[in-house]
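Okay, here's what each chain looks like letter by letter:
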Amino acid sequence: MRFDGDFIREPFGTLGAWVEAFDWETLPVMGATVVEIDQLRRVEDDIDAHRLADVICKDPFMTVKLFAYLAKRRPGREDTVPETVTGCLLMLGIPPFFSQFRNLRSVESALSVDPVAVDGLGAVLNRSRRASDFALAFAVHRMDHDAPLIHSAALLHEFTEMLLWLKAPRLAAEIARRQRILPQLRSTDAQRAVLRVTLTELQQALMQRWHIPDALTSLLNPELTGSSAQALTVELATRFARHSAKGWDNPAIPDDLRDISELLQIGLEPTEHLLAEIDNRE
C-alpha cells in the first residue's frame, strides 16, 4: 500500500506515477497566507495587484497555484500566461482571484499529525525564502529588469523537496538521514535510491504538466545554470542559502562568496557585507 491516509509511504516505480500523485488544485498553502488573503478579501476594493502579490510571493505553494490556475483558465494559450505573480493578478483581476481561492487549506493543518514533516518542510521553506531574498538583491544590484521573475525562481528552486515533506514525509526523512550518515553522498544519488527518481526530474515534469511559464521553469533547471546570468543568480542564491542555513561557518561559503563576487562584479568584502545585510533583514 503506497498511501497512508494523505501521505505517500512507498516510492512509485516511474516518474509518471510520481507526477500523477500530485495535484496543484489540492495543495495547501502556508497558514500565514490563508490569514492574510482572508484579511485582504474584506477590503478587496481598496487593494491592488501589487499589494496582493506581496503576500503570494512569500508562499511557494500559493505561487504555484496561481500560475497553474491561470494556465488552466487559458487552455491552448498557456504560453501567454505572465511570468510574474503581479502579471498574473493583473490578467486575472482581484475579484476573480478572491472568488477562485476561497477556503484555502493550510499546510500546518495538513501536517498537524507529523511534527517531523513540519520541521523538515520548515527548514526547506526557510532556505527558499532566504534564497529568494538573496536572488532579488543580486538581480537589483545587476539592474536586471526581470528581478521579480528571478525572485520567484529562487523561491521555487526547491519546490519539489517541499512537496515531498508535505506528501511523503517519511521518504523525505529517509533521504535526509542517508545524507547525514554519508555527508559525501550526492543528493541526486540519495534521491534516486529512495524515490527511484530525482527531485529535479520530478520538478521539471510537474512544472510542464501544470504549464508553469517556460521563463520560470528554465531558471529551475540545473542543466541550464551558467547559460545565463539570471540562471546563475538563482543558483548562487540557492547555494548560499543552503550553505549558510545553520550559520556562516560552512567550509563551502568562501567559494560561494568568490562566485557571488564575480557575478556582482564587486570585491569580496563588499559581497560579504551585502549578504550580511540581506540576512539581517529577516
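Definitions and limits used
Residues numbered from 1 in each chain as written. Predicted model: local features only at pLDDT ≥ 70, side-chain atom pairs only at ≥ 80, totals over all residues. Heavy atoms only, no water. Axes fitted to C-alpha atoms, helices over the stretch in contact; angles between N-to-C directions. Helix = DSSP H or I, 4+ residues; strand = E, 2+ residues; numbered from the N terminus. Parallel < 35°, antiparallel > 145°, perpendicular 65-115°, else oblique. Left-handed = near helix turned anticlockwise from the far one by under 90°. Contact = heavy atoms within 4.5 Å. Nonpolar A, V, L, I, M, F, W, Y, C, P; charged D, E, K, R; others polar. Core = buried A, V, L, I, M, F, W, Y, C linked by side-chain atoms within 4.5 Å. Buried < 20%, exposed > 50% of the residue type's maximum accessible area, 1.4 Å probe, protein only. Phe/Tyr/Trp six-rings, centres within 6.5 Å; stacked < 30°, edge-to-face > 60°. Salt bridge = Lys/Arg side-chain N within 4 Å of Asp/Glu carboxyl O.

Caption draft 1: Representation of the packing of helix α11 (residues 169–181) against helix α12 (residues 187–195). Contact pair α11 / α12: the axes reach a minimum separation of 9 Å and the direction vectors enclose 135 degrees. With respect to α12, the element α11 is oriented oblique. As α11 packs across α12, the resulting crossing turns out to be right-handed. Along its contact with α11, which presents L171, E174, I175, R178 and Q179, the element α12 presents S187, A190, Q191, A193, V194 and L195. Of the residues belonging to the contact of α11 with α12, the class tally is six nonpolar, three polar and two charged.

Caption draft 2: Geometry of the nonpolar core. Residues W18, F61, F97 and W210 are the most contacted members of the largest nonpolar core, which totals 96 residues. Considering each element in turn, this core owes the most residues, 10 residues, to helix α8 (residues 115–141). Once residues within four sequence positions are removed from consideration, F97 is found in contact with I37, L52, I56, M62, L66, L89 and L92.

Caption draft 3: The packing of aromatic side chains, seen in detail. Per the counting criterion, the structure on display carries nine aromatic pairs. Ring plane angle 85 degrees and centroid distance 5.0 Å describe the contact between F12 and W18, whose orientation is recorded as edge-to-face. For the pair F12 and W18, a shared accessibility class is recorded, and that class is buried. With centroids separated by 5.6 Å and ring planes inclined at 75 degrees, the aromatic side chains of Y69 and F101 adopt a geometry described as edge-to-face. With Y69 in helix α4 (residues 60–73) and F101 in the loop between α6 (94–100) and α7 (107–110), the pair connects residues that are 32 residues apart, well separated along the chain. Both residues of the pair, Y69 and F101, belong to the buried class.

Caption draft 4: Here's a closer look at the pattern of salt bridges. Per the stated rule, a full pass over the model turns up 18 salt bridges. Linking R178 and E174 is a salt bridge whose minimum nitrogen-to-oxygen distance equals 2.8 Å. You can see R178 and its partner E174 sitting in helix α11, four residues apart, about one turn around the helix. For R192, the salt bridge is made with E201, and the minimal N-O distance between the two is 2.8 Å. The class of R192 is partly exposed, set by a relative accessible area of 39%.

Caption draft 5: Representation of the packing of helix α9 (residues 147–156) against helix α15 (residues 229–243) within the structure. Direction vectors running N to C along α9 and α15 enclose 40 degrees, while the axes themselves pass 9 Å from each other. The angle between the axes of α9 and α15 places the two elements in the oblique class. Once α9 is placed against α15, the crossing between them reads as right-handed. Along the contact surface, α9 presents I150, A153 and A154, while α15 presents Q230, T233, V234 and T238. Of the residues that constitute the contact of α9 with α15, the class distribution is four nonpolar, three polar and no charged.

Caption draft 6: The arrangement of unusual backbone geometry in detail. With a phi close to 55 degrees, M143 is a non-glycine residue in the positive phi region. Checked against the element boundaries, M143 lands in the loop between α8 and α9. Despite not being glycine, Q265 shows a phi value in the positive range, around 60 degrees. Checked against the element boundaries, Q265 lands in the loop between α16 (253–264) and α17 (268–279). Its relative accessible area of 74% is what places Q265 among the exposed residues.

Caption draft 7: The arrangement of helix α10 (residues 159–167) in detail. Burial of α10 is extensive: seven of the nine residues sit out of reach of the surface. Every buried residue of α10 is accounted for by F159, T160, M162, L163, L164, W165 and L166.

Such coordinate-based values are descriptive only and should not be taken to indicate function.
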